[in-house]
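# Survey of secondary and tertiary structure
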Amino acid sequence: MDCWKQERSNTWTFPTLILCLYGFFFMMKPSEPFLTPYLTGPDKNLTIDEVTNQIFPVWTYSYLALLFPVFLITDYLRYKPILLLQGISFIITWLLLLFAQGVLAMQMVEFFYGMATATEVAYYAYIYSVVSTDHYQRVTSYCRSITLVAATVAAVLGQLLVSLADVSYFHLNAITLASVSLAFVCAFFLPMPQKSMFFHRKDVSQALPAPDKAVASVGADGPSSCQEDTGSVSAEGGPTPAQQADSAKPQSHTLGVLVQLSKDLRDCYSSRTLLYWSLWWALATAGFNQVLNYIQVLWDSRAPSHSSAVYNGAVEAIATFLSSVTSFLVQYMKINWDLFGELALGIFSAIDAGSLFLMHFTTNIWACYAGYLIFKACYMLLITIATFQIAVNLSMERYALMFGFNNFVALAIQTILTVVVVDSKGLGLNIVTQFLIYGSYFAVIAGIFLIRSICMLVSSKCKWKIAKSCKEHLNHAEHESKEQIVTGSTTRL
């Protein structure tokens, strides 16, 4: 029986199934599209200014503070404990959201939600530690698809319950609490990984040939071996010098991994192409997260929830569907992204800026909804392209490292935006003016990449003309040389 359980846990299907169930339940949050109406309604009785300037900024701050340490701890603890921590964070978030009152309590809600968001990296990284490389593409597709399906189902369910069944926002949050609690239960059934990307790589023991080289060798690429085989050799012949060094110097091992990570990061950003794609990623993601964080407040200002019908769930469902379609269509775009990629970044960033300006200047809620749909679809299209361009020439470990660092930079930029524009200790601008700032922000991004792409295209065309001219000159010279040879031969005859 124990052997059967071990065999079941070692196959790729079991952990993938459990992780997909976990992903479905933690994304199945029908109350999320209605958070602002809930906070400003009779249940919490908070003002729009309190929600915008005092409560929502806490999520950004906690996310930034926790992202980097959680990124390292996730790998060090091998993912599963962090997934359990995420489940606990979600449960605490919705317990407070249901039963606590006041601005301070809602700030605690945002803190724990920031913790849950920071630990989300464990969900996407876990599966790579328990399945073989042959199944990476399939399980990645399953894990990402199930979250999109869950988000769509949750938004549709929330809208139907609110519009047709007249379910209160309180009961929507109770349904969400039940869903995230089921996700927490699912996490217990996940097998504990035996390796991770950085701190528990299978090749670490072989990469330590001698104590004096322990630090230098950590993280080096080498032939992988089975841990069970290494253990059996150790049992018969005693611990190797490498294992003694590893056990005697755990701090050196950790330091070596961090040094290797910094070197990998420097090597990745030494590529100008990766640097510019990462720059767009960080800038655009900061703006995107900021818009997502405050879009419900804008909608509530255009059509107050206490006196108007709320269709936030339907809009989120459509936005998720359009994002999935645009991301799916990327694989069919036969474009030279090295040449035209930055032009696409500039054009679609300009469309994003236009949609944000539309949301600022219009007073019609349906125009706001339409602007949001365009904004999110364009961003998802571009982030898919950027992800592919960054990942295509990198190993999985280096891609994960760049992904984490790009998100950290994005959060740092978002934090600056929040402190200056939103926070009551900064400018504390009203929500309509904020979207004018966000539109201008994306306009600047569009300008940067449009100017650079035009320079690249002009430079490429000039190089092509120069190359063509040189080729024609060489052909002409070769032709004249042949004519001279023929003429000389004829003269001698």
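Because the structure is a prediction, the values reported are computed rather than measured.

The next subject is the overall build of the chain. The secondary structure content of the chain amounts to 19 helices and 0 strands. For the chain, the proportion of its 493 residues judged to be buried stands at 47%. Counting only contacts in the chain whose residues sit at least 6 apart along the sequence, the fraction spanning at least 24 positions is 83%. Entry remark: accessible area of the chain is about 24000 Å², with carbon and sulfur atoms responsible for 66%.

Moving on, we come to the environment of Ile-448. Relative to the assigned elements, Ile-448 resides in helix α19 (residues 431-492). Of the residues examined, Ile-448 reaches a relative accessible area of 42% and is grouped as partly exposed. Residues Ile-448 and Gly-346, 102 residues apart in the sequence, show an inter-C-alpha distance of 7.4 Å.

What follows concerns the side chain of Gln-86. Mapped onto the elements of the fold, Gln-86 is located in helix α5 (residues 80-99). When near neighbours in sequence (up to four residues on either side) are disregarded, Gln-86 contacts Tyr-22, Phe-26, Ala-116, Thr-119 and Glu-120.

We now examine a nonpolar patch on the surface. On the surface, Ile-318, Phe-321, Leu-322, Val-325, Phe-328, Leu-329 and Tyr-332 cluster together into a nonpolar patch covering about 670 Å² of accessible area. Relative to the elements of secondary structure, Leu-322 occurs in helix α15 (residues 312-329).

Further remarks concern helix α9 (residues 169-188). Look at α9: 30 Å from first C-alpha to last across 20 residues, which is about the 28 Å you get at 1.5 Å a residue. Looking only at α9, the buried set comprises Tyr-169, Leu-172, Asn-173, Thr-176, Leu-177, Ser-179, Val-180, Ala-183, Phe-184, Cys-186 and Ala-187. Next to the buried residues of α9 lie α2 (13-27), α3 (35-40), α5 and α8 (136-163).

With that out of the way, let us pick up the pattern of salt bridges. In total, this model carries 3 salt bridges according to the counting rule given. A salt bridge links Asp-267 to Arg-266; the shortest N-O distance between them is 3.9 Å. The class for Asp-267 is partly exposed, based on a relative accessible area of 34%.

This next bit is on the nonpolar core. Across soluble globular proteins, nonpolar side chains show a tendency to be buried alongside one another. Of all hydrophobic cores here, the largest spans 121 residues; its most connected members are Met-106, Trp-280 and Phe-435. Ranked by the residues each element gives to this core, the list is headed by helix α14 (residues 272-302), at 15 residues.

This part covers the packing of α14 against helix α16 (residues 337-361). Their axes nearest at 12 Å, the elements α14 and α16 cross at an angle of 20 degrees. One finds that α14 runs roughly parallel with respect to α16. Relative to α16, the crossing made by α14 is left-handed. Across from Tyr-276, Trp-277, Trp-280, Val-291, Ile-295, Leu-298 and Arg-302 in α14, the residues of α16 making contact are Trp-337, Gly-341, Glu-342, Leu-345, Ser-349, Leu-356, Met-359 and His-360. Class assignment of the residues belonging to the contact of α14 with α16 gives a composition of 10 nonpolar, 3 polar and 2 charged.

As enumerated under the stated definition, the model contains 27 aromatic pairs in all. Between Phe-99 and Phe-170, the aromatic rings sit 6.3 Å apart at their centres with planes inclined by 75 degrees, giving edge-to-face as the arrangement. Of the two residues, Phe-99 is situated in helix α5 and Phe-170 in helix α9; the sequence distance between them amounts to 71 residues. On the basis of relative accessible area, Phe-170 is assigned to the partly exposed category, the value being 27%. Ring pairs connect the aromatic residues Tyr-22, Phe-26, Phe-90, Trp-94, Tyr-113 and Tyr-123, which therefore count as one cluster. Looking at Arg-452, its charged tip hangs above the ring of Tyr-276, at a distance of 3.5 Å from the centre.

Further remarks concern unusual backbone geometry. Positive phi, close to 70 degrees, is recorded for Tyr-79, a residue that is not glycine. In this model, Asp-166 sits at a positive phi of 55 degrees, which is unusual for a non-glycine residue.

Moving on: empty space enclosed by the protein. According to the stated counting rule, one finds 3 cavities of 30 Å³ or more in the structure shown. Considering only enclosed or pocket space, the largest cavity measures out at about 60 Å³ in volume. Along the walls of the largest cavity sit Thr-36, Pro-37, Gln-296, Trp-299, Asp-300, Ala-303, Ser-305, Ala-309, Val-310, Asn-312 and Tyr-369, which together make up its complete lining. Of all elements in the fold, only α3 and α14 reach the threshold of two or more residues within the lining of the largest cavity. The greatest single-element share of the lining of the largest cavity, amounting to 3 residues, is contributed by α14. Considered class by class, the residues forming the lining of the largest cavity number 6 nonpolar, 4 polar and 1 charged.

Detailed reading of the predicted coordinates is not advisable wherever pLDDT falls low. Scored by pLDDT, the chain has a mean of 81; 79% of the residues are at 70 or more. When mean pLDDT is compared element by element in the chain, α9 scores highest at 96, while helix α10 (residues 214-217) scores lowest at 34. For the stretch residues 204-248, pLDDT sits under 50, and the model shows 39 contacts to residues farther than four places along the chain or on other chains.

The next subject is the packing of α16 against helix α17 (residues 365-391). One way to put it is that α16 packs onto α17 with a least axis distance of 9 Å and a crossing angle of 160 degrees. Relative to α17, the element α16 is oriented roughly antiparallel. Crossing geometry of α16 relative to α17 is assigned as left-handed. Of the residues in α17, those touching α16 at Trp-337, Asp-338, Ala-344, Leu-345, Phe-348, Ser-349, Ile-351, Asp-352, Ser-355, Leu-356, Leu-358 and Met-359 are Ala-367, Cys-368, Gly-371, Tyr-372, Ile-374, Phe-375, Cys-378, Tyr-379, Leu-381, Leu-382, Ile-385 and Gln-389. Here the contact of α16 with α17 is composed, by residue class, of 18 nonpolar, 4 polar and 2 charged.

Glancing now at the environment of Met-359. Within the element layout of this structure, Met-359 appears in helix α16. In the structure, Met-359 is positioned 12 residues away from Gly-371 in sequence and 6.1 Å away in space, judged by C-alpha atoms. Not counting residues up to four positions away in its chain, the partners in contact with Met-359 are Ile-295, Leu-298, Arg-302, Cys-368, Gly-371, Tyr-372 and Phe-435.

How each quantity is defined
- Residues numbered from 1 in each chain as written.
- Predicted model: local features only at pLDDT ≥ 70, side-chain atom pairs only at ≥ 80, totals over all residues.
- Heavy atoms only, no water.
- Helix = DSSP H or I, 4+ residues; strand = E, 2+ residues; numbered from the N terminus.
- Buried < 20%, exposed > 50% of the residue type's maximum accessible area, 1.4 Å probe, protein only.
- Contact = heavy atoms within 4.5 Å.
- Areas by Shrake-Rupley, 256 points an atom, 1.4 Å probe, with all protein chains shown as cover.
- Patch = residues over 30% accessible without salt bridge, like charges linked within 9 Å, V, L, I, M, F, W, Y side chains within 5 Å.
- Salt bridge = Lys/Arg side-chain N within 4 Å of Asp/Glu carboxyl O.
- Expected span 1.5 Å × (residues − 1).
- Core = buried A, V, L, I, M, F, W, Y, C linked by side-chain atoms within 4.5 Å.
- Axes fitted to C-alpha atoms, helices over the stretch in contact; angles between N-to-C directions.
- Parallel < 35°, antiparallel > 145°, perpendicular 65-115°, else oblique.
- Left-handed = near helix turned anticlockwise from the far one by under 90°.
- Nonpolar A, V, L, I, M, F, W, Y, C, P; charged D, E, K, R; others polar.
- Phe/Tyr/Trp six-rings, centres within 6.5 Å; stacked < 30°, edge-to-face > 60°.
- Lys NZ or Arg CZ within 6 Å of the ring centre and 35° of its normal.
- 1 Å grid on protein atoms, 1.4 Å probe; cavity = no way out; pocket = protein on both sides within 12 Å on 5 of 7 lines; lining within 4 Å.
- Points joined across faces, edges and corners; volume = space filled by probe spheres on them.
- pLDDT = per-residue confidence, 0-100.

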